[in-house]
Amino acid sequence: ASNLLGRDRLSICRGEGAETSGLSNLNDTRNTQPALFAVESLIVDELLRQGRQPELVAGHSLGELVALYAAGVFDAATGLELMQRRSELMASAGGGAMTAVIGFDRSQLETLVNATEGVVIANDNSDAQVVLSGSPAAVNSVSEAVSCKRAIPLAVSGAFHSPFMAKAADAFATHLDGFSF
């Protein structure tokens, strides 16, 4: 991964140099996504080496590409290239924030989200846990106003799974058109 992508991914994963260079920060999506793909593809490779074959694959977000790798749709080098392009596009979408909200009143949360521009429920994980995504001010406003057990800001560099990513998603779709899977 380091050779293909031109940066020492192991140092980034270890957090080395993070205090001196934003580009070394693992929380920067340009580093997070390729690192996750590298680690997860190594797990897939080890399972395959052990003779285990998937009967079904599925993934959410970045995990979709890992699932495609596990299914043999493309090789690791292609997966890393796709992940690098995806992460660059998502980083170019600008800043944003995400917060996990746990133990809340659904109708109150939906009312607050609907009344606040710049925030959406991005991941509806269960009746008791969702993730808000959007502008930092809007996410913070809803997180502070909703009655909940906990609101946990996520260490992310963008408003992922939200309309803020529309331009990046369109550009990535165009990039994918250049591949034959």
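The coordinates are above.
These notes cover the structure that comes with them.

**Focus on the pairing of strand E1 (residues 97-104)**
Right, on to step 1. Counting buried positions along E1 gives 6 out of 8 residues, so the element sits mostly inside the fold.
Right, on to step 2. Relative to strand E3 (residues 129-134), E1 runs antiparallel, the two being bridged by 6 bridges. For Ala 97, the partnering residue across the bridge sits in E3 and is Gly 134.
Right, on to step 3. Direction of pairing for E1 relative to strand E4 (residues 148-153): antiparallel, over a ladder of 5 bridges. Within the sheet, the bridge partner assigned to Ile 102 lies in E4 and is Arg 150.

**Quick look at the nonpolar core**
Right, on to step 1. By size, the foremost hydrophobic cluster in this structure holds 23 residues, and its most contacted members are Phe 37 and Phe 74.
Right, on to step 2. For this core, the secondary structure elements donating two or more residues are helix H3 (29-49), helix H4 (62-70), helix H5 (76-92), E1 and helix H8 (166-176).
Right, on to step 3. Non-local contacts of Phe 74, meaning those with residues more than four positions away in its chain, are made with Phe 37, Leu 65, Leu 68, Tyr 69, Gly 79, Leu 82 and Phe 181.

**Considering the environment of Gly 95**
Right, on to step 1. Within the secondary structure, Gly 95 is located in the loop between H5 and E1.
Right, on to step 2. For Gly 95, a relative accessible area of 55% corresponds to the exposed category.

**Details of the side chain of Ser 87**
Right, on to step 1. Looking at where Ser 87 falls in the secondary structure, it is placed in helix H5.
Right, on to step 2. We classify Ser 87 as buried; its relative accessible area is 0%.
Right, on to step 3. At 2.8 Å, the side chain of Ser 87 and the backbone oxygen of Gln 84 are in polar contact.

**Describing helix H7 (residues 136-145)**
Right, on to step 1. Within H7, the full set of buried residues consists of Ala 138, Val 139, Val 142 and Ser 143. Looking straight down H7, one finds that the buried residues subtend no more than 130° of arc, so they occupy a single side. Of the residues in H7, the exposed ones pointing more than 90 degrees away from the buried face are Ala 137 and Glu 144.
Right, on to step 2. Looking at the buried residues of H7, the elements they touch are E1, helix H6 (106-115), strand E2 (119-126), E3 and E4.

**Concerning the pattern of salt bridges**
Between side chains of opposite charge, a pair can form when the charged atoms approach closely.
Right, on to step 1. What the rule picks out here adds up to 4 salt bridges.
Right, on to step 2. Its salt-bridge partner being Arg 49, residue Glu 46 comes within 2.6 Å of it at the nearest N-O pair. Linking Glu 46 with Arg 49, this pair stays in helix H3, spanning 3 residues, or about one helical turn.
Right, on to step 3. When its relative accessible area of 61% is taken as the criterion, Arg 49 is described as exposed.

**A closer look at the packing of H3 against H5**
Right, on to step 1. Interhelical geometry of H3 versus H5 gives an angle of 155° and a closest axis separation of 8 Å. Comparing the axis directions of H3 and H5 gives the class roughly antiparallel. Helix-helix and strand crossings are classified by hand; for H3 and H5 the assignment is right-handed. Contact residues: H3 offers Thr 29, Arg 30, Gln 33, Pro 34, Phe 37 and Ala 38, while H5 offers Ala 76, Gly 79, Leu 80, Met 83, Gln 84, Arg 86, Ser 87, Glu 88, Met 90 and Ala 91.

**A few points about the packing of aromatic side chains**
Right, on to step 1. Counted according to the given criterion, the structure contains 3 aromatic pairs.
Right, on to step 2. Here the aromatic rings of Phe 74 and Phe 181 are separated by 6.0 Å at their centres, their planes lie at 55°, and the arrangement is tilted. With Phe 74 in the loop between H4 and H5 and Phe 181 in the segment after H8, this pair connects stretches of sequence that are 107 residues apart.
Right, on to step 3. In this structure Phe 74 comes out as buried when scored by relative accessible area, which is 8%.
Right, on to step 4. A connected cluster of aromatic rings, assembled from ring pairs, spans Phe 74, Phe 179 and Phe 181.

Cut-off values and rules
- Residues numbered from 1 in each chain as written.
- Predicted model: local features only at pLDDT ≥ 70, side-chain atom pairs only at ≥ 80, totals over all residues.
- Heavy atoms only, no water.
- Buried < 20%, exposed > 50% of the residue type's maximum accessible area, 1.4 Å probe, protein only.
- Helix = DSSP H or I, 4+ residues; strand = E, 2+ residues; numbered from the N terminus.
- Pairing = 2+ DSSP bridges.
- Core = buried A, V, L, I, M, F, W, Y, C linked by side-chain atoms within 4.5 Å.
- Contact = heavy atoms within 4.5 Å.
- Polar contact = N/O pair within 3.5 Å; in protein donor to acceptor, adjacent residues only side chain to side chain.
- Arc of directions from axis to C-beta.
- Salt bridge = Lys/Arg side-chain N within 4 Å of Asp/Glu carboxyl O.
- Axes fitted to C-alpha atoms, helices over the stretch in contact; angles between N-to-C directions.
- Parallel < 35°, antiparallel > 145°, perpendicular 65-115°, else oblique.
- Left-handed = near helix turned anticlockwise from the far one by under 90°.
- Phe/Tyr/Trp six-rings, centres within 6.5 Å; stacked < 30°, edge-to-face > 60°.

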